[in-house]
Amino acid sequence: VPAATRLRPDVAVVDVDLPCTGGLAIVLELRGKVPECGVVALAVAKPAGLLQRILAAEVLGAVDKNAPAGRLVDAIRGVATGRQVVDTTLAVSALSADPNPCTPRELDVLRLVADGASGIEVADNLSLSCVPTTALVPSERGCDSRAARN
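Residues numbered from 1 in each chain as written. Predicted model: local features only at pLDDT ≥ 70, side-chain atom pairs only at ≥ 80, totals over all residues. Heavy atoms only, no water.

Undergrad: Tell me about helix α6 (residues 104-114), and name the residues and values.
TA: All of the buried residues in α6 are E106, V109, L110, L112 and V113. Looking straight down α6, one finds that the buried residues subtend no more than 165 degrees of arc, so they occupy a single side. Immediately downstream of α6, the backbone of G116 shows phi near 100 degrees, a positive value. (Buried < 20%, exposed > 50% of the residue type's maximum accessible area, 1.4 Å probe, protein only. Helix = DSSP H or I, 4+ residues; strand = E, 2+ residues; numbered from the N terminus. Arc of directions from axis to C-beta.)

Below, the structure written as structure tokens:
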């Protein structure tokens, strides 16, 4: 983001699957600091709901990381002209996914955590044994309990 703020590019390519920094957070910061810069997001087809979150961040381009390089080039060129470009692999994955990958029980846990409940409070409230919340809400299904407080 600092380089984009300094250089003011027409298009930036951002890996939204970055494990430590959170690629979508980078996209949001970039959109806030350099709003004229079009963003192409690199993502994998899973987890469900990722494409919706990418598009909600006002990203103009979304390309599957496993797509041929030509698709990325086409997306960059399209975004540079102001067009929205969504890779077909990501679109098909988003359309075929369940609307919410979390079970009702996982949603109950997330609601309590989002309201500030500790792990012990969640366990007491839902009559669960006290185990790490991440064991109850696996991040590979798109429901990362560690992000619930944000």
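Undergrad: Describe the sheet that holds strand β1 (residues 11-15), listing the residues and the values that go with them.
TA: Judged by pairing direction, the sheet is parallel, and its four strands sit side by side in the order β1-β2-β3-β4 without closing on themselves. Only two strands of the sheet have a single neighbouring strand rather than two, namely β1 and β4 (85-86). In terms of strand pairing, strand β2 (residues 38-43) meets strand β3 (residues 61-64) through four bridges, oriented parallel. Across the sheet, the residue bridging to V40 is G61, located in β3. The sheet contacts of helix α4 (residues 69-80) involve β1, β2, β3 and β4, and relative to β2 the element is tilted by about 155 degrees. Lying on the sheet, helix α5 (residues 88-96) is in contact with β2, β3 and β4; it crosses β3 at an angle near 90 degrees. (Pairing = 2+ DSSP bridges. Contact = heavy atoms within 4.5 Å. Axes fitted to C-alpha atoms, helices over the stretch in contact; angles between N-to-C directions.)

Undergrad: Describe the nonpolar core, listing the residues and the values that go with them.
TA: Ranked by internal contacts, the top residues of the largest apolar core, which has 20 residues, are V16, V27, L30, I54 and V59. Counting residues per element, the ones that place at least two in this core are β1, α2 (23-33), β2, α3 (50-56) and α5. When near neighbours in sequence (up to four residues on either side) are disregarded, V27 contacts V14, V16, V39, A57 and V59. Counting eight residues, the second largest nonpolar core, distinct from the first, contains L42, V63, V79 and V85. (Core = buried A, V, L, I, M, F, W, Y, C linked by side-chain atoms within 4.5 Å.)

Undergrad: Requested: an account of the environment of R83, with residues and values cited.
TA: Take R83: it is sitting in the loop between α4 and β4. Between the alpha carbons of R83 and L60 there is a distance of 6.9 Å; along the sequence they are 23 residues apart.

Undergrad: Which residues make up the environment of N66, and what values go with them?
TA: Of note, N66 is situated in the loop between β3 and α4. Classification of N66 as exposed rests on a relative accessible area of 66%. Sequence separation between N66 and T89 is 23 residues, and the spatial gap between their C-alpha atoms is 9.3 Å.

Undergrad: Go over unusual backbone geometry, please, and point to the residues and values.
TA: Not every positive phi belongs to a glycine, and R8 is a case in point at roughly 55 degrees. Its place among the elements puts R8 in the loop between α1 (2-7) and β1. For R8, a relative accessible area of 39% gives the class partly exposed. Backbone geometry at E58 places phi at a positive 60 degrees, although glycine is not the residue there. In this structure, E58 sits in the loop between α3 and β3.

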